[in-house]
Amino acid sequence: MGLRNASPTVLGLKLNGTPVLLGTIVATTTKNNHDTAVPFNNTADALKGKVVMLVPDAACYVTFGTTNAITATTAGVPLQAGERVHVNLAEDYGWIACVSVSGTTNLRIWEML
(Lines give C-alpha, C1' and ligand atoms only; values in the text may rest on other atoms or scores of the structure.)
Protein backbone atom coordinates (compact mmCIF):
# COMPACT_ATOMS: atom_id res chain seq x y z
CA MET A 1 0.00 0.00 0.00
CA GLY A 2 1.30 3.43 -0.89
CA LEU A 3 1.93 6.27 1.50
CA ARG A 4 -0.87 8.61 2.40
CA ASN A 5 -0.54 12.36 2.88
CA ALA A 6 2.50 12.01 5.11
CA SER A 7 2.62 15.54 6.49
CA PRO A 8 0.33 16.14 9.50
CA THR A 9 0.15 19.79 8.48
CA VAL A 10 -1.02 19.03 4.94
CA LEU A 11 -3.52 16.46 6.18
CA GLY A 12 -4.89 18.90 8.77
CA LEU A 13 -5.32 21.58 6.13
CA LYS A 14 -7.12 19.22 3.77
CA LEU A 15 -9.45 17.85 6.45
CA ASN A 16 -10.47 21.44 7.19
CA GLY A 17 -10.26 22.56 3.58
CA THR A 18 -12.82 23.54 1.00
CA PRO A 19 -15.04 20.71 -0.25
CA VAL A 20 -15.36 20.47 -4.04
CA LEU A 21 -17.99 18.07 -5.34
CA LEU A 22 -16.43 15.42 -7.58
CA GLY A 23 -19.57 13.43 -8.32
CA THR A 24 -22.32 11.17 -7.02
CA ILE A 25 -22.48 7.39 -6.97
CA VAL A 26 -26.12 6.38 -7.43
CA ALA A 27 -26.44 2.87 -6.02
CA THR A 28 -29.21 0.38 -5.52
CA THR A 29 -26.97 -2.55 -6.35
CA THR A 30 -23.21 -2.12 -6.09
CA LYS A 31 -21.87 0.82 -8.12
CA ASN A 32 -18.59 2.72 -8.14
CA ASN A 33 -17.23 5.98 -9.56
CA HIS A 34 -16.48 4.09 -12.81
CA ASP A 35 -19.85 2.44 -13.46
CA THR A 36 -22.33 4.85 -11.85
CA ALA A 37 -24.86 6.64 -14.09
CA VAL A 38 -22.49 9.60 -14.56
CA PRO A 39 -18.89 8.34 -14.09
CA PHE A 40 -16.38 10.73 -12.51
CA ASN A 41 -12.66 10.75 -11.70
CA ASN A 42 -12.51 7.62 -13.79
CA THR A 43 -8.79 7.31 -14.51
CA ALA A 44 -6.16 5.25 -12.78
CA ASP A 45 -4.76 8.13 -10.74
CA ALA A 46 -7.67 10.56 -10.31
CA LEU A 47 -8.53 9.81 -6.65
CA LYS A 48 -5.31 8.18 -5.47
CA GLY A 49 -3.82 9.90 -2.44
CA LYS A 50 -6.74 12.36 -2.17
CA VAL A 51 -8.60 13.38 0.96
CA VAL A 52 -12.31 12.98 0.23
CA MET A 53 -15.52 13.50 2.17
CA LEU A 54 -18.34 10.97 1.69
CA VAL A 55 -21.96 12.02 2.33
CA PRO A 56 -24.75 9.50 1.64
CA ASP A 57 -28.42 10.42 1.56
CA ALA A 58 -29.43 6.93 2.74
CA ALA A 59 -27.76 4.10 4.64
CA CYS A 60 -25.13 2.26 2.60
CA TYR A 61 -21.89 0.27 2.66
CA VAL A 62 -18.72 1.67 1.09
CA THR A 63 -15.50 -0.01 -0.01
CA PHE A 64 -12.33 1.26 -1.65
CA GLY A 65 -10.37 -0.43 -4.42
CA THR A 66 -7.30 -0.46 -6.59
CA THR A 67 -9.19 -1.11 -9.85
CA ASN A 68 -12.45 0.04 -11.42
CA ALA A 69 -13.86 -3.47 -10.88
CA ILE A 70 -14.33 -2.78 -7.14
CA THR A 71 -17.71 -3.80 -5.69
CA ALA A 72 -19.32 -3.02 -2.36
CA THR A 73 -20.83 -5.59 0.00
CA THR A 74 -22.20 -5.62 3.52
CA ALA A 75 -18.61 -6.25 4.64
CA GLY A 76 -17.85 -2.65 3.68
CA VAL A 77 -17.85 0.42 5.90
CA PRO A 78 -21.44 1.16 7.00
CA LEU A 79 -22.60 4.77 6.65
CA GLN A 80 -25.86 6.33 7.78
CA ALA A 81 -27.91 8.94 5.92
CA GLY A 82 -26.40 12.40 6.28
CA GLU A 83 -23.20 11.12 7.89
CA ARG A 84 -20.02 12.90 6.80
CA VAL A 85 -16.88 10.80 6.68
CA HIS A 86 -13.41 11.96 5.66
CA VAL A 87 -11.19 9.38 3.99
CA ASN A 88 -7.50 9.77 3.28
CA LEU A 89 -7.12 7.47 0.26
CA ALA A 90 -3.84 5.62 -0.09
CA GLU A 91 -1.79 6.12 -3.25
CA ASP A 92 -2.89 2.68 -4.48
CA TYR A 93 -6.64 3.23 -4.03
CA GLY A 94 -8.45 5.23 -6.70
CA TRP A 95 -11.99 3.86 -6.77
CA ILE A 96 -14.90 4.03 -4.34
CA ALA A 97 -17.85 1.61 -4.41
CA CYS A 98 -21.22 1.83 -2.69
CA VAL A 99 -24.24 -0.42 -2.19
CA SER A 100 -27.49 0.74 -0.62
CA VAL A 101 -28.89 -0.95 2.49
CA SER A 102 -32.43 -0.44 1.14
CA GLY A 103 -33.72 1.37 -1.92
CA THR A 104 -31.32 3.80 -3.60
CA THR A 105 -28.42 5.73 -2.11
CA ASN A 106 -26.85 8.85 -3.59
CA LEU A 107 -23.30 8.93 -2.23
CA ARG A 108 -21.82 12.38 -2.84
CA ILE A 109 -18.04 12.48 -2.96
CA TRP A 110 -16.23 15.72 -2.26
CA GLU A 111 -12.49 16.37 -2.57
CA MET A 112 -11.10 18.43 0.28
CA LEU A 113 -8.80 21.17 -1.08
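Visitor: Is there a simple way to think about the sheet that holds strand β7 (residues 95–100) in this case?
Guide: What holds strands together in a sheet is hydrogen bonding between their backbones, with the strands either parallel or antiparallel. Sheet architecture is open: four strands sit in the order β2-β7-β4-β5, paired in antiparallel fashion. Where the open sheet ends on each side, the last strands, each with one partner, are β2 (31–32) and β5 (77–79). Pairing geometry for β2 and β7, over two bridges, is antiparallel. Bridge pairing in β7 places N32 opposite A97.

Visitor: Even after reading the chapter, I still don't get the side chain of N32, so can you show me in this structure?
Guide: Topologically, N32 is positioned in strand β2. Reaching out from N32, the side chain makes a polar contact with the backbone nitrogen of H34 at a distance of 2.6 Å. Every residue in contact with N32, bar those within four places of it in the chain, is listed here: I25, N68, A69, I70, I96 and A97.

Visitor: Which parts of the structure should I look at to understand the nonpolar core?
Guide: For soluble globular proteins, the rule of thumb is that nonpolar side chains tend to be buried together. I25, V52, L54, V62, I96, L107 and I109 are the most contacted members of the largest nonpolar core, which has 15 residues in total. Elements with a contribution of two residues or more to this core: β1 (19–27), β3 (51–56), β4 (60–65), β7 and β8 (105–112). The contact partners of I109, leaving out residues within four places of it in the chain, are V20, L21, L22, G23, I25, F40, V52, M53, L54 and I96. Of all hydrophobic cores here, the second largest spans five residues; its members include I70, A72, A97 and V99.

Visitor: Please clarify how the environment of C60 should be interpreted in this entry.
Guide: Within the element layout of this structure, C60 appears in strand β4. The class for C60 is buried, based on a relative accessible area of 1%. Note: C-alpha distance between C60 and L79 (19 residues apart in sequence) is 5.4 Å. Beyond its immediate sequence surroundings of up to four residues, C60 is in contact with V77, P78, L79, C98, V99, S100, V101 and T105.

Visitor: Got a minute to help me understand unusual backbone geometry in this structure?
Guide: A negative phi holds for most residues other than glycine; trans holds for most peptide bonds. With phi around 40°, N41 is a residue other than glycine that occupies positive phi space. Take N41: it is sitting in the loop between β2 and β3.

Visitor: Quick question: what am I supposed to make of the sheet that holds strand β6 (residues 85–88) here?
Guide: The four strands lie next to each other as β1-β8-β3-β6, forming an open sheet whose pairing is antiparallel. Each edge of the open sheet is held by one strand with a lone partner, namely β1 and β6. Across the sheet, the axes of successive neighbouring strands diverge by a mean angle of 25°, strand direction being ignored. Bridging between β1 and β8 involves eight bridges; their strand directions are antiparallel. Residue pairing for β8: V20 is matched across the bridge by E111.

About the thresholds
- Residues numbered from 1 in each chain as written.
- Predicted model: local features only at pLDDT ≥ 70, side-chain atom pairs only at ≥ 80, totals over all residues.
- Heavy atoms only, no water.
- Pairing = 2+ DSSP bridges.
- Helix = DSSP H or I, 4+ residues; strand = E, 2+ residues; numbered from the N terminus.
- Polar contact = N/O pair within 3.5 Å; in protein donor to acceptor, adjacent residues only side chain to side chain.
- Contact = heavy atoms within 4.5 Å.
- Core = buried A, V, L, I, M, F, W, Y, C linked by side-chain atoms within 4.5 Å.
- Buried < 20%, exposed > 50% of the residue type's maximum accessible area, 1.4 Å probe, protein only.
- Axes fitted to C-alpha atoms, helices over the stretch in contact; angles between N-to-C directions.

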